[in-house]
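# Architecture at a glance
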Amino acid sequence: MNQQFIQSVLFDWEKVGRGSYLREIEAFQGLERLELDHPITFFVGENGSGKSTLLEAIAVAHGFNPEGGSKNYRFSTRDSHSELWKALRLVKGHRREKWGYFLRAESFYNVATQEESYADALHPSAGYHEKSHGESFLALAQNNLRANGLYLLDEPEAALSPQRQLSLLVQIDRCAKDGAQFLIVTHSPILLGIPGAAIYCFDQGKVHPCAYEETESYRVTELFINNRQALLNRLLKE
Ligand SMILES: Nc1ncnc2c1ncn2[C@@H]1O[C@H](COP(=O)(O)OP(=O)(O)OP(=O)(O)O)[C@@H](O)[C@H]1O
């Protein structure tokens, strides 16, 4: 039985403007429903295939600030989110999340600044700006990952070394086993390797389920590591 907070996403394309670029995104053609029945769901696919657009729309439809943060974050440095959220209906389960966080690599700096402005004597700032990019990103993730939480993470690997990606993997796995739900956009073959996750690929003109070994992140990394010289010879000669 599906135990997730957000169990599926239904699409009503009539609510998207006729001339909108959203109608041109290939992966969205004919997309009417997306099942979310695993504690961890990954969105993978080529750059520009629509992963972040969909994650952001789910986040906004659920009440998160488009630029990221918890549901208490209400700030806007640039109003650039798409209208896709208006076309979504989120089918919710009977459980309600205890805490949630929308984490985007691209607006992390602004979220860190906002976190400072929300700090007070009882809730001191974690001082994310005083750490390196990767240190602060991992700290923010670690400070916000909890049991029974709902997490939407957009390329959380962006600032992280492989070792820290493994640390994040362990944390995500632990929270997922403790009732949390994760939707994660990633290009990381490390994070994608979390056992038991569902993977949706946005390539080949449709959003479709995909095995770990079929993802491009895995295949290209595997090819490069196991055939580096031959691959480089070929690429650099062309
Ligand atoms: N404001 C906009 N106007 C027109 N097109 C846009 C706009 N915002 C995004 N797009 C286009 O929508 C498509 C999907 O973008 P999106 O950011 O969702 O891709 P992605 O799969 O997350 O890519 P990446 O892996 O590079 O982050 C891209 O082709 C992008 O150029």
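Residues numbered from 1 in each chain as written. Predicted model: local features only at pLDDT ≥ 70, side-chain atom pairs only at ≥ 80, totals over all residues.

In this model, helix α3 (residues 133-144) (12 residues) spans 17 Å end to end at C-alpha, consistent with the 16 Å of a helix rising 1.5 Å per residue. Listing the buried residues of α3 in full gives Ser 136, Phe 137, Leu 138, Leu 140 and Ala 141. (Helix = DSSP H or I, 4+ residues; strand = E, 2+ residues; numbered from the N terminus. Expected span 1.5 Å × (residues − 1). Buried ≥ 20, exposed ≤ 12 C-beta atoms within 10 Å, placed from the backbone.)

Take the site of the ligand next. All residues adjacent to the ligand are Tyr 21, Ile 25, Gly 45, Asn 47, Gly 48, Ser 49, Gly 50, Lys 51, Ser 52 and Thr 53. Looking at the shell around the ligand residue by residue, the classes come out as 2 nonpolar, 7 polar and 1 charged. (Near = placed C-beta within 6 Å. Nonpolar A, V, L, I, M, F, W, Y, C, P; charged D, E, K, R; others polar.)

Let's shift gears to the environment of Gly 69. Checked against the element boundaries, Gly 69 lands in the loop between α1 (51-62) and β4 (88-92). Residue classification places Gly 69 among the buried residues on the basis of 25 C-beta atoms within 10 Å. Spatially, the C-alpha atom of Gly 69 lies 9.9 Å from that of Leu 140, the residues being 71 residues apart in sequence.

Here the protein chain shows a mean pLDDT of 89. Residues at 70 or above account for 94%. Scoring of the predicted complex yields 0.91 for pTM and 0.96 for ipTM. (pLDDT = per-residue confidence, 0-100.)

Below, the discussion takes up α1. Turn by turn, an α-helix covers 3.6 residues, leaving residues three or four places apart pointing in a common direction. An ideal rise of 1.5 Å per residue puts 16 Å on 12 residues; α1 measures up with 17 Å between its terminal C-alpha atoms. For α1, the buried fraction is high: 9 of the 12 residues fall into the buried class. Turning to α1, its buried residues are Lys 51, Thr 53, Leu 54, Leu 55, Glu 56, Ala 57, Ile 58, Ala 59 and His 62. Residue Gly 63 follows α1 closely and has a positive phi angle near 105°.

Let's shift gears to the packing of α3 against helix α4 (residues 162-177). Their axes nearest at 11 Å, the elements α3 and α4 cross at an angle of 5°. By the criterion of interaxial angle, the relationship of α3 to α4 is roughly parallel. Here Gly 134, Leu 138, Ala 141 and Gln 142 of α3 come into contact with α4, specifically with Arg 164, Ser 167, Leu 168 and Gln 171. (Axes fitted to C-alpha atoms, helices over the stretch in contact; angles between N-to-C directions. Parallel < 35°, antiparallel > 145°, perpendicular 65-115°, else oblique. Contact = placed C-beta atoms within 7 Å.)

Before going further, it helps to spend a moment on the sheet that holds strand β9 (residues 208-209). Spatially, β5-β6-β7-β3-β8-β9 is the arrangement adopted by the 6 strands of the open sheet, whose pairing is mixed. Taken across any chain shown, the strands that pair with only one partner, and hence form the sheet edges, are β5 (99-104) and β9. Summarising the sheet, strand β6 (residues 149-154) and strand β7 (residues 181-185) pair through 5 bridges and their orientation is parallel. Bridging across to β7, Asp 154 finds its partner in Val 185. (Pairing = 2+ DSSP bridges.)

Across the sheet, which stays open at both edges, the 3 strands sit in the order β2-β1-β4 with antiparallel pairing between neighbours. One side of each edge strand has no neighbouring strand; the edge strands of this open sheet are β2 (33-35) and β4. Strand-to-strand, the axes of this sheet are offset by a mean angle of 20°, without reference to chain direction. With 3 bridges joining them, strand β1 (residues 6-11) and β2 adopt antiparallel strand pairing. When the sheet's bridge partners are listed, Leu 10 is paired in β2 with Arg 33.

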